[in-house]
Amino acid sequence: MTSAVDKPKGWAKAPDFGDDPQRLRSVRSATERDRTHYLRGGMREIECRACHACVLVKKTSEFQTSVQWNADAREQCNELTRVREQGGNPAMTPTCSRLSASIDHGVSEGIIPPHSPDTDPDGYF
């Protein structure tokens with residue numbers, strides 16, 4: 001029977017490759033590439049035309065929009081500030097209507113592509 005002190009640290013299904021430094025570097029590099037592709041790939045900066053908060057935006061279809069807020073944008077957004085002042089939780093606010101209008105404007109002006117490109121701009125695939 002294995003005791004608690006014999007159990008490996010971390011998640012058992014995720015080997016640490018501590019005995020293979022080259023493999024460890026390769027896995028870390030691939031992980032960083034994945035992170036960059038899925039979190040920042042294809043994102044465009046857009047500024048809210050009402051409060052000038054800047055967020056990153058990517059549309060993958062007419063109906064799906066990814067928005068990444070940062071701390072400065074959350075503090076600058078008038079709509080989220082109003083929610084906080086009224087005792088609400090801005091994290092539970094589906095979206096800022098003024099930012100949504102700015103995103104729609106960005107799409108109509110060609111700043112934000114309206115859907116995913118046919119080829120991956122990050123060279124991931």
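Calculation notes
- Residues numbered from 1 in each chain as written.
- Predicted model: local features only at pLDDT ≥ 70, side-chain atom pairs only at ≥ 80, totals over all residues.
- Heavy atoms only, no water.
- Buried < 20%, exposed > 50% of the residue type's maximum accessible area, 1.4 Å probe, protein only.
- Helix = DSSP H or I, 4+ residues; strand = E, 2+ residues; numbered from the N terminus.
- Pairing = 2+ DSSP bridges.

In the annotation of an unreviewed UniProt entry, the entry for the protein reads Ferredoxin, and the organism field reads Williamsia phyllosphaerae.

On to the pairing of strand β2 (residues 54–59). Only one face of β2 is buried, namely the one carrying Val55, Val57 and Lys59, since none of Cys54, Leu56 and Lys58 on the opposite face is buried. By the bridge criterion, four bridges tie strand β1 (residues 44–47) to β2 in an arrangement that is antiparallel. If you follow Glu47 over to β2, its bridge partner there is Cys54. Across four bridges, the pairing between β2 and strand β3 (residues 65–68) is antiparallel. Residue pairing in the sheet places Lys58 in a bridge with Ser66 of β3. Counting the residues that bridge the hairpin from β2 to β3 gives five residues.

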